[in-house]
Amino acid sequence: MVRAATRTQAAPGIPLSNSAFETIIDAFHGCLTRMDPAGGDIWRTPPVVARALITEVGYGEYFPHLLGSVHVAAESGEISPTDLVLLPAGCYCIYPHYRGRTLMTPVDVGVEAICFRQESSHEVGRLRSFRMREFVHLDTELGCFGWRDEWLNRAEAWLSAIGLAPVRELASDPFFGAQRKVLAAMQRDQALKWELVVEVGPGIRQAVMSGNVHKTKFGDTFNITGPGGEAIHSACAAFGSDRLALALIHTHGPDPSAWPDTVRAQLILGGFA
Ligand code: ATP
Ligand code: ZN
């Protein structure tokens, strides 16, 4: 029996994982690739990203409490920030590649990212270092809402099929500062963010997927336009890989070879005898 497991390092929310745990993550990523109707390319990110990009998308302004930064010592010994920060989400790496372009047809791109957020990490599943698999879509407003809703439907059906009983909830991002309530209310009023929430530990419910539309935020920031010269809209479907694996282990146990056949078949978990 190979038990899938993680171990917490001295710093909370920074887990080590064993090979059985990684096999679950690989199986999950394989499912997502097969589920993606666009069949687009999937880019992998390093765990760091240009500070200038994260500033440009406003992350430092809206979520400074979550952002990690790379500092190093100069020859003098003085420690100062570098041009890099820790990547907080995968899709930020995608938009700048379309900077200044006019898109004649919708664009679909996948991205697999190692993310960092300075979370409290007091709960299982609320990590500081975690992996995120995202699909990104650039299109009209109608196209982006439709695409996002289709991903929510697809993901909900799939999560049900692997026994995780997802619940769809309207959500908002954890904005910082005095404006946080106003920004969150605006996001909810316009139904910009939905999450699929499952149980990841005893009595602990967390989102394993979010479906987001950004209106023209990234189109405006990077001057990306549609065929008529109007700013492009964008959407992303984001899955938390580590959280999903934790939810599966919580629901079906640490030994994937003992999981129900239907779940193993969905995940194509042939590797566990
Ligand atoms: P939450 O609702 O848990 O605070 P979020 O709204 O900040 O998450 P998104 O920015 O939508 O999350 O990220 C997409 C997905 O990445 C989430 O649905 C979740 O599965 C995963 N994720 C986000 N934050 C974490 C974290 N701290 N630890 C593990 N997975 C995470
Ligand atoms: Zn995103």
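Rules used throughout
Counting of residues starts from 1 at the beginning of each chain's written sequence and follows it residue by residue. The order in which chains are written sets their letters, starting at A; the order in which ligands are written sets their numbers, starting at 1. Local features are withheld for residues below a pLDDT of 70 in this predicted model, meaning they are given only at 70 or higher, and side-chain atom pairs are given and counted only at 80 or more; totals for whole chains, interfaces and linings count all residues. Derived side-chain values reflect all non-hydrogen atoms in the structure, with water molecules and hydrogen atoms excluded from consideration. Only nitrogen, oxygen and sulfur atoms qualify as donors, and only when within 2.8 Å of the metal (3.2 Å in the case of Na, K and Ca); with water excluded, sites may look incomplete. Per the convention used, a helix needs a DSSP run of H or I reaching at least four residues, while a strand needs a run of E reaching at least two, with both numbered from the N terminus. Relative accessibility thresholds used throughout: buried, under 20% of the residue-type maximum; exposed, over 50%; partly exposed, between the two (1.4 Å probe, protein chains only). Strands qualify as paired when DSSP identifies two bridges or more between them. For helices, the fitted axis covers only the stretch in contact; all axes are lines through C-alpha atoms, and the angles between them, taken along N-to-C directions, range from 0 to 180 degrees. Take the buried Ala, Val, Leu, Ile, Met, Phe, Trp, Tyr and Cys residues and link them wherever side-chain atoms come within 4.5 Å; each set so joined is a nonpolar core. Residues are treated as being in contact if the distance between any of their heavy atoms lies within 4.5 Å. If an angle is under 35 degrees, it is roughly parallel; if it is over 145, roughly antiparallel; if it lies from 65 to 115, roughly perpendicular; otherwise it is oblique. For a crossing to be left-handed, the near helix must be turned anticlockwise from the far one by less than a right angle; the clockwise case is right-handed. Each residue gets one label: Ala, Val, Leu, Ile, Met, Phe, Trp, Tyr, Cys and Pro are nonpolar, Asp, Glu, Lys and Arg are charged, and the others, such as Gly, are polar.

A. Here's a closer look at the coordination of the zinc ion (ligand 2). Summarising the metal site, the zinc ion (ligand 2) is bound by the protein donors C91 (SG), E134 (OE) and C236 (SG), whose distances to it range over 2.2 to 2.4 Å. We note that the donor set of the zinc ion (ligand 2) lies within a single chain, spaced as C-x42-E-x101-C. Here C91 is found in the loop between strand 6 (79-86) and strand 7 (107-116), whereas its partner E134 is found in strand 8 (residues 129-139), with 43 residues between them in sequence. Given a relative accessible area of 2%, E134 falls into the buried group.

B. Highlighting the sheet that holds strand 3 (residues 42-44). Strand order in the open sheet formed by seven strands is 3-7-8-12-11-10-9, and the pairing between neighbours is mixed. In this open sheet, the two edge strands, each paired with only one partner strand, are strand 3 and strand 9 (167-170). Mean inter-strand twist for the sheet, computed between neighbouring axes without regard to direction, equals 25°. Taken together, the 10 bridges between strand 7 and strand 8 define a ladder with antiparallel strand orientation.

C. Quick peek at the pairing of strand 7. Extensive coverage of strand 7 is indicated by the burial of eight of its 10 residues. Bridging between strand 3 and strand 7 involves three bridges; their strand directions are parallel. In the sheet register, W43 faces strand 7, and the bridge partner there is V111.

D. Representation of the nonpolar core. W151, W158, F239, L248 and L267 are the most contacted members of the largest nonpolar core, which totals 41 residues. Elements supplying a minimum of two residues to this core: helix 1 (19-35), helix 4 (141-161), strand 10 (193-201), strand 11 (204-213), strand 12 (233-240), helix 7 (241-252) and helix 8 (261-267). With nine residues, helix 1 is the single largest residue contributor to this core. For L248, the residues in contact, after removing those within four places along its chain, are I24, I162, L164, G253, W259, V263 and L267.

E. Inspection of the sheet that holds strand 4 (residues 48-50) at higher detail. Judged by pairing direction, the sheet is antiparallel, and its three strands sit side by side in the order 4-6-5 without closing on themselves. If you trace the sheet from one side to the other, it starts and ends with strand 4 and strand 5 (69-73), each paired once. On average, each strand axis in the sheet is tilted by 55° relative to the strand beside it, whichever way the strands run.

F. Spatial organisation of the packing of helix 1 against helix 7. Look at helix 1 against helix 7: their axes get within 9 Å of each other, and the N-to-C directions meet at 115°. By the criterion of interaxial angle, the relationship of helix 1 to helix 7 is roughly perpendicular. Considering the relative orientation of helix 1 and helix 7, their crossing is right-handed. Contacts between helix 1 and helix 7 involve F21, I24, I25, F28 and H29 from the first element and S241, D242, L244, A245, L246, L248 and I249 from the second. Split by residue class, the contact of helix 1 with helix 7 holds nine nonpolar, two polar and one charged.

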